[in-house]
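Descriptive analysis of the structure
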Amino acid sequence: SPKCLCACAPRVCAASPCSRRTARRSSTLSRKCRSFTFVSSKLNLVNAAEDSIKLAELRQTVDEAKVGSYPCISVDESSRTYDVLKQLDALDKGGIAVTGEPDGQVLGNVSGRDLKHFLAAPSIAEFEMPVGKFLDAIRREQVDISIPVIECKKTDTLRKVLFKFSGSRKHRVYVTDELHRPVGVISLGDMIHALFSGAVDQMSASTD
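Residues numbered from 1 in each chain as written. Predicted model: local features only at pLDDT ≥ 70, side-chain atom pairs only at ≥ 80, totals over all residues. Heavy atoms only, no water.

Now for the confidence of the model for the protein chain. Per-residue pLDDT for the protein chain averages 74, and the proportion of residues at 70 or more is 64%. Least confident of the elements in the protein chain is strand S1 (residues 3-6), whose mean pLDDT is 40; most confident is strand S9 (residues 182-187), at 96. Confidence drops under a pLDDT of 50 for residues 1-22, and excluding neighbours within four residues, the segment shows 66 contacts in the predicted structure. Ignoring residues within four places in sequence, the model shows residues 24-40, a span with pLDDT below 50, making 53 contacts including any to other chains. (pLDDT = per-residue confidence, 0-100. Helix = DSSP H or I, 4+ residues; strand = E, 2+ residues; numbered from the N terminus. Contact = heavy atoms within 4.5 Å.)

For the rest of this paragraph, the subject is the side chain of Thr 81. Within the fold, Thr 81 resides in helix H5 (residues 81-91). Among the residues examined, Thr 81 registers a relative accessible area of 0% and is labelled buried. Within polar-contact distance, the side chain of Thr 81 engages the backbone oxygen of Met 129 at 2.8 Å. Sequence-distant contacts of Thr 81, defined by excluding residues within four places in its chain, comprise Glu 126, Phe 127, Met 129, Pro 130, Val 131 and Phe 134. (Buried < 20%, exposed > 50% of the residue type's maximum accessible area, 1.4 Å probe, protein only. Polar contact = N/O pair within 3.5 Å; in protein donor to acceptor, adjacent residues only side chain to side chain.)

With that settled, consider the pattern of salt bridges. Applying the stated criterion across every chain yields a total of five salt bridges. A salt bridge links Asp 83 to Arg 80, with the shortest nitrogen-to-oxygen separation between them at 3.0 Å. Accessibility expressed as a relative area gives 36% for Asp 83, which makes it partly exposed. Between Arg 181 and Asp 177 there is a salt bridge, with its nearest N and O atoms 2.8 Å apart. (Salt bridge = Lys/Arg side-chain N within 4 Å of Asp/Glu carboxyl O.)

This part is about H5. Of all the residues in H5, the buried ones are Thr 81, Val 84, Leu 85 and Leu 88. Viewed along the axis of H5, the buried residues span an arc of 95°, placing them on a single side of the element. For H5, exposure combined with an orientation more than 90 degrees from the buried face picks out Lys 86 and Ala 90. Count one or two residues on from H5 and you reach Asp 92, which has phi positive near 55°. (Arc of directions from axis to C-beta.)

So, about the pairing of strand S5 (residues 95-100). Taking burial as the measure, the six residues of S5 include six buried ones, the bulk of the element. The side-chain alternation of S5 yields two buried faces, one formed by Gly 95, Ala 97 and Thr 99 and the other by Ile 96, Val 98 and Gly 100. Relative to S5, strand S4 (residues 74-76) is paired through three bridges, and the arrangement is parallel. Across the sheet, Ser 74 pairs through a bridge with Ala 97, a residue of S5. Tracing the backbone out of S4, into H5 and back to the parallel element S5 gives a crossover that is right-handed. Relative to strand S6 (residues 105-111), S5 runs antiparallel, the two sharing six bridges. Residue pairing across strands places Val 98 opposite Gly 108, the latter belonging to S6. (Pairing = 2+ DSSP bridges. Right-handed = clockwise from strand over helix to strand, strands pointing away.)

Our next topic: unusual backbone geometry. Note that the residue after Tyr 70, namely Pro 71, is joined by a cis bond; omega there is -5°. Positionally, Pro 71 belongs in the loop between helix H4 (62-65) and S4. Residue Pro 102 is reached from Glu 101 by a cis peptide bond, and omega for that bond is 0°. Within the secondary structure, Pro 102 is located in the loop between S5 and S6. Its identity is not glycine, yet Asp 103 carries a phi of approximately 65°, on the positive side. Structurally, Asp 103 can be placed in the loop between S5 and S6. Phi is positive for His 180, which is not a glycine, with a value near 65°. Topologically, His 180 is positioned in the loop between strand S8 (172-176) and S9. Judged by relative accessible area, which is 33%, His 180 ranks as partly exposed.

Printed below as a string of structure tokens:
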């Protein structure tokens, strides 16, 4: 992934390049010696967010902050794995929700990490599996990947969503309705933009 150089205050300006879809990490450059001081990942920025932003911003709900992407792209757990991975690649998305019974609720998430794991040991049999069974199979082998999907409601505060990101180390949280059906998705980039964009705009205006 491309790295973004940022010669300004860490935790705030580093969030600007890191909120872009193409950037996973940003390098912070020291003002005095023009040397790299650290590399920030999106998760690092989310974990540091509580110390860097105003409490008022954390009190906003998901709906009030207009954070996330809607509607949510999802596939049924019975969908063929090959078709789902092909759709994931074509859409250039970080992940797609997997839904199933009862009532189409969100059961899991298929992501680029799952595709990478598959490509390490490709199998025609796995290609033909329903995607729900495919996820179960690879996650039994990868014990560090937890099966439950992380979700929130539109009425949840950004503070609550922030804790879900930092506590789970997931890269997306699904916004669900009362029946746990996915209606939207919040990525780490979405969260960083919602929490830091005001501070970045302020700093940009002060330096113009």
